[in-house]
Amino acid sequence: MASITSKTPMLRAAAARGYAAHAQAAAASRGSGEVQTTTLPNKLVVASADPNAPVSRISIVYRAGSRNETADSLGAAHVLRAAGGLSTKTATTFGITRNIQQAGGSLTTTADREVVAYSVAVTKDQLEVGLKYLEATATGQVFKPWELAELTPIIRNELARLPAEVQAVEALHKAAFRDGLGNSVFCPEHLVGKHSSETMQHYFAANCTTNRAAVAGVGVDHQLLVGFAQSLALESGAGSENKSSFNTGEVRRETACTRASVAVGAQAVGWKTLKEATAFWVLQRAAGVGPATKRGSNNGVLTKVLSGVNSSALYNGYTDNGLFGFIVSGEAKHVGKAVEAGVKALKSLSVSDADVARGKALALLTIGEITENQSGLHHQLGEEAALLGQVYKNSDLVAAVNAVTTGDVQAAARKLASSKLAIGAVGNLSHVPYLCDLH
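Residues numbered from 1 in each chain as written. Predicted model: local features only at pLDDT ≥ 70, side-chain atom pairs only at ≥ 80, totals over all residues. Heavy atoms only, no water.

Let's shift gears to the pairing of strand β1 (residues 36-39). Pairing between β1 and strand β2 (residues 45-49): four bridges, direction antiparallel. If you follow T37 over to β2, its bridge partner there is A47. Hairpin geometry of β1 and β2 is characterised by an intervening segment of five residues between the two adjacent antiparallel strands and by a positive phi of about 80° at K43. (Pairing = 2+ DSSP bridges. Helix = DSSP H or I, 4+ residues; strand = E, 2+ residues; numbered from the N terminus.)

This is the structure in structure tokens:
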């Protein structure tokens, strides 16, 4: 039997509130296909694009990623991600699951180092249902102790299935940033099952506030989205802003196997400096991100020297800092030689006009893949709105890439040459050199 999901004319009320708010807060742009942004008086940012998309996707995004964890709350962001869809003040787990399924939609929670995002995707005729349960999930979780206990095997299973390459990148962040950005996206193994209801409620209350949040939507009217954002019952608060400085260091984790995965990184820049970040982004693609065809060669200026292993250049940009380097994975005896060769290449990285042209072409392809895909565009809107307080249009990103010169990319490469290094390594490390042995 179909259940009655809502008796409240939410969409009509939200749209009315949205038009009233729009008279006070100007949108960043006009036009049905353009990005529109509105900042409410409580600092909550609302961003939307492409209202004619066939599926409505809406997110409530908080700056509550793992970098905001303290020594007392390590792993809380992972638990938040796993707890998405559990009981709230107004709905049970069963009620949320049943009604979202009946609406033919999906409700997901994602988390990374900087943000936690609650997202719903439904057809337009089921938008009211989707918004109702998105609001309940993203603003009213109660973290019942017995439900948190049921997450323990789920989180342990996630940790057990982590690829070695992911573990190496996590270790690299720990070596480079220690805390803040050094906090893992995944809950430490010794803390699984140790997060109490009070811990989670405190973490949510401290970090999931209006001035640390954004509402993003694709396939939904901007004014309706503004009204929905105004109706959210969120507290205001400063939360924590963990600044992270880059450090040299290494984290090694020996395991019983014949393979090794190693991530090496130098300091880069964050996305608040768009011009420099774009230069590093182009440099990553010029350095090599894997073969472009099924049996093609890895012909990047960096990865072509990393023979006998799987390899890729690495650029992780955050709001205020970043990492640039490479990751290699393969048989232990080959990985050790590749690390030595990769560090030498990273310290003497040089790019030509042709390399930069190839890097820019690949960067433009990535922009097209993200912005032309409704799911990718939705994710981009939410992250930029929450972290930067603004959203870059597709034309802004394309212009930023086209404006990158060979000199800009070479300047980024020179910064790497003078930067200290950090290393994260996982697996059979008998052939992997220590950081002090690399020059």
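On to the sheet that holds strand β8 (residues 259-268). Spatial strand order, β7-β11-β8-β10-β9: five strands in an open sheet with mixed pairing. The sheet terminates laterally at β7 (249-254) and β9 (310-317), the two strands that pair on one side only. Neighbour to neighbour, the strand axes of the sheet diverge by 15° on average, direction disregarded. Pairing between β9 and strand β10 (residues 322-331): eight bridges, direction antiparallel. Its bridge partner being in β10, N316 is matched across the sheet by L323. Helix-sheet contacts for helix α7 (residues 164-177) involve β7, β8, β9, β10 and β11 (421-427), and the interaxial angle to β11 is about 145°. Each of β8, β9 and β10 touches helix α10 (residues 274-287); the most contacted strand, β9, lies at about 175° to it. (Axes fitted to C-alpha atoms, helices over the stretch in contact; angles between N-to-C directions. Contact = heavy atoms within 4.5 Å.)

The strand order across the open sheet formed by six strands is β1-β2-β6-β3-β5-β4, and the pairing between neighbours is mixed. The open sheet is flanked by β1 and β4 (106-111), the only strands paired with a single partner. Neighbour-to-neighbour, the strand axes of this sheet turn through a mean angle of 15°, independent of strand direction. Together, β1, β2, β3 (55-62) and β6 (213-218) form the strand contacts of helix α9 (residues 222-230), whose direction differs from that of β2 by roughly 155°.

With domains assigned, the protein chain is organised as domain 1 (36-163 + 179-231) and domain 2 (249-437). At the interface, 24 residues of domain 1 touch 17 residues of domain 2. Three residues stand out in domain 1 for area buried against domain 2, namely R57, E114 and V218, and they jointly supply 26% of the buried area on that side. Counting across the interface, domain 1 meets domain 2 through two salt bridges. The shortest N-O distance in the salt bridge between R253 and E189 comes to 3.6 Å. The interface formed by domain 1 and domain 2 includes six residue pairs in polar contact (both at pLDDT 80 or more). (Domains from an automatic or database assignment. Buried area = accessible area lost by both parts, 1.4 Å probe. Salt bridge = Lys/Arg side-chain N within 4 Å of Asp/Glu carboxyl O. Polar contact = N/O pair within 3.5 Å; in protein donor to acceptor, adjacent residues only side chain to side chain.)

One finds I58, I60, Y62, L80, Y118, V215 and F228 to be the most contacted residues of the largest nonpolar core, which totals 52 residues. Top contributing element to this core by residue count: helix α4 (residues 127-139), with six residues. Sequence-distant contacts of V215, that is, excluding residues within four places in its chain, are made with L44, V45, V46, A47, I58, S59, I60, L225, F228, A229 and L232. Core analysis: the second largest hydrophobic core is formed by 49 residues, L302, A363, A412 and L416 among them. (Core = buried A, V, L, I, M, F, W, Y, C linked by side-chain atoms within 4.5 Å. Buried < 20%, exposed > 50% of the residue type's maximum accessible area, 1.4 Å probe, protein only.)

A few words on the side chain of S197. You can see S197 is positioned in helix α8 (residues 197-207). Exposure remark for S197: the relative accessible area of 11% places this residue in the buried category. Contacts of S197, omitting those with residues within four sequence positions, involve V142, F143, P145 and L148.

Time to look at the side chain of R63. Mapped onto the secondary structure, R63 falls in the loop between β3 and α2 (76-83). Within polar-contact distance, the side chain of R63 engages the backbone oxygen of A386 at 3.1 Å.

The next subject is the UniProt feature "domain: Peptidase M16 N-terminal" (unreviewed entry) in the protein chain. As annotated in UniProt, the feature "domain: Peptidase M16 N-terminal" (unreviewed entry) corresponds to residues 45-189 in the numbering used here. In residues 45-189, the share of helix is 41% and the share of strand is 19%. The end C-alpha atoms are 35 Å apart. (UniProt positions renumbered as here; feature names shortened; annotations may be inferred.)

Structurally, a disulfide amounts to a covalent bond that connects the sulfur atoms of two cysteines. Within this structure, the stated rule accounts for zero disulfides. Note on C187: no disulfide assigned, nearest cysteine sulfur contributed by C208 at a separation of 17 Å. (Disulfide = S-S within 2.5 Å.)

With that out of the way, let us pick up α2. Most of α2 is tucked away: seven of the eight residues are buried. Every buried residue of α2 is accounted for by A76, A77, H78, V79, L80, R81 and A83. One or two positions beyond α2, positive phi appears at G85, with a value near 95°.

Turning our attention to the environment of E384. By secondary structure assignment, the location of E384 is in helix α13 (residues 374-388). The spatial distance from the C-alpha of E384 to the C-alpha of T319 is 9.6 Å, given a sequence separation of 65 residues. Not counting the four nearest positions on each side in its chain, E384 is found in contact with G389, Q390, V391 and Y392.

Here the focus is the packing of aromatic side chains. What the rule picks out here adds up to nine aromatic pairs. Centroid distance Y62 to F204: 5.8 Å. Interplanar angle 70°. Geometry classified as edge-to-face. Of this pair, Y62 sits in strand β3 while F204 sits in helix α8; the two residues are 142 residues apart in sequence, bridging distant segments of the chain. Taken individually, Y62 and F204 each receive the classification buried, so the pair is uniform in this respect. Both rings, one in W271 and one in Y315, keep their centres 6.2 Å apart while their planes meet at 50°; by these two values the pair is tilted. One end of the pair, W271, is in the loop between β8 and α10; the other, Y315, is in strand β9, with 44 residues separating them in the sequence. (Phe/Tyr/Trp six-rings, centres within 6.5 Å; stacked < 30°, edge-to-face > 60°.)

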